[in-house]
Amino acid sequence: MSATDLVTAELTLTGRITTASNATFLGTIGDVVVVYKPMAGESPLWDFPDGALAHREVAAYLVSEHLGWDVVPHTWLRDGPLGEGMVQLWKEQDPDQDAVNLVATDEVPETGWKHVLEGQDQSGRMVALIHEDTSALRRMAVFDLIVNNADRKGDHILAMPDGNRHGVDHGLTFHREHKLRTVLWGWLGDSLSTEELDGIDRVSEGLDGDLGEAIADLLSAEEIAALAARCAKLRLARRFPAPAGDMPAVPWPLF
């Protein structure tokens, strides 16, 4: 299906995702399965502008495209049965893979995983939050730093059969103030790779050209300036930062 058809062809609703905090629906455009989030179904937030979450989801996709890492599935704005909203290609994750997990503290794998934090579960058992140590997930962590993602839960990471990791639910991004909340803290203090630094450079350069033009109608000038500043700061530091500010470092719930 062409890009034009994805915007203009009929969007048919097939179900609702009831676990989402905002109105979220499954649908089809022809034979293409999509997720549809109408702006009219967005819940008001005290720290983000009303009716702007869909725009942030699209801006996140455009940044992902400039990074070149296929973090965010194709996302766009269009009209639908409940008005204008965000539409995103549905991605069927591998049910046998978990990029993020909670395990007993004495069962944390010695290799291949990063330890984030420990706590007690509902039964009082000590558990550890861990995530896999893969290049695909590292790239998502870098993406979250750039877009200032305030809601990277474990369930917002789709483990694909080919090893790629898609991130979804990016409405809480691009705030001009520091808002980073994520479960992906395992690389804290690690140096950024050449590939990761090159991706940051592509975003910085894009903000002075086609990327900046594309997101000008999606984000405020102050938010775009903050995005550029985050890229510059990360490029200068050349490493994964530590949590900062008074905000919690992880979202709640974690999944």
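To keep things clear, this report deals only with the structure shown in the data block. (Residues numbered from 1 in each chain as written. Predicted model: local features only at pLDDT ≥ 70, side-chain atom pairs only at ≥ 80, totals over all residues. Heavy atoms only, no water.)

## Brief notes about empty space enclosed by the protein
Thinking step 1. Applying the stated criterion across every chain yields a total of 1 cavity of 30 Å³ or more.
Thinking step 2. Counted as a void, the largest cavity has a volume near 70 Å³.
Thinking step 3. Lining the largest cavity, in full, are Ala-141, Asp-144, Leu-145, Leu-180, Thr-182, Leu-184, Trp-185, Trp-187, Leu-188, Phe-240 and Pro-241.
Thinking step 4. Here the residues of the lining of the largest cavity sort into 9 nonpolar, 1 polar and 1 charged. (1 Å grid on protein atoms, 1.4 Å probe; cavity = no way out; pocket = protein on both sides within 12 Å on 5 of 7 lines; lining within 4 Å. Points joined across faces, edges and corners; volume = space filled by probe spheres on them. Nonpolar A, V, L, I, M, F, W, Y, C, P; charged D, E, K, R; others polar.)

## Some remarks on the packing of helix α3 (residues 135-147) against helix α6 (residues 221-237)
Thinking step 1. Their axes nearest at 8 Å, the elements α3 and α6 cross at an angle of 130°. Put simply, α3 runs oblique to α6. Side by side, α3 and α6 meet where Val-142, Leu-145, Ile-146 and Val-147 of the first sit next to Leu-227, Arg-230, Cys-231 and Leu-234 of the second.
Thinking step 2. Class assignment for the residues of the contact of α3 with α6 results in 7 nonpolar, no polar and 1 charged. (Axes fitted to C-alpha atoms, helices over the stretch in contact; angles between N-to-C directions. Helix = DSSP H or I, 4+ residues; strand = E, 2+ residues; numbered from the N terminus. Parallel < 35°, antiparallel > 145°, perpendicular 65-115°, else oblique. Contact = heavy atoms within 4.5 Å.)

## Focus on the environment of Asp-217
Thinking step 1. Checked against the element boundaries, Asp-217 lands in the loop between α5 (210-215) and α6.
Thinking step 2. Asp-217 sits 182 residues away from Val-35 along the chain, and the two C-alpha atoms are 22 Å apart.

## Side note on the layout of surface pockets
Thinking step 1. The calculated volume of the largest pocket comes to roughly 1,000 Å³.
Thinking step 2. What lines the largest pocket is a set of 40 residues, among which Ala-20, Ser-21, Lys-37, His-156 and Asp-169 lie closest to the centre.
Thinking step 3. Those elements that provide at least two residues to the lining of the largest pocket are β3 (32-38), α2 (53-67) and β5 (85-89).
Thinking step 4. When its residues are assigned to classes, the lining of the largest pocket shows 19 nonpolar, 10 polar and 11 charged.
Thinking step 5. The computed volume of the second largest pocket comes to approximately 370 Å³.
Thinking step 6. Lining the second largest pocket we find 17 residues, and of these Leu-145, His-178, Arg-230, Lys-233 and Pro-241 sit closest to its centre.

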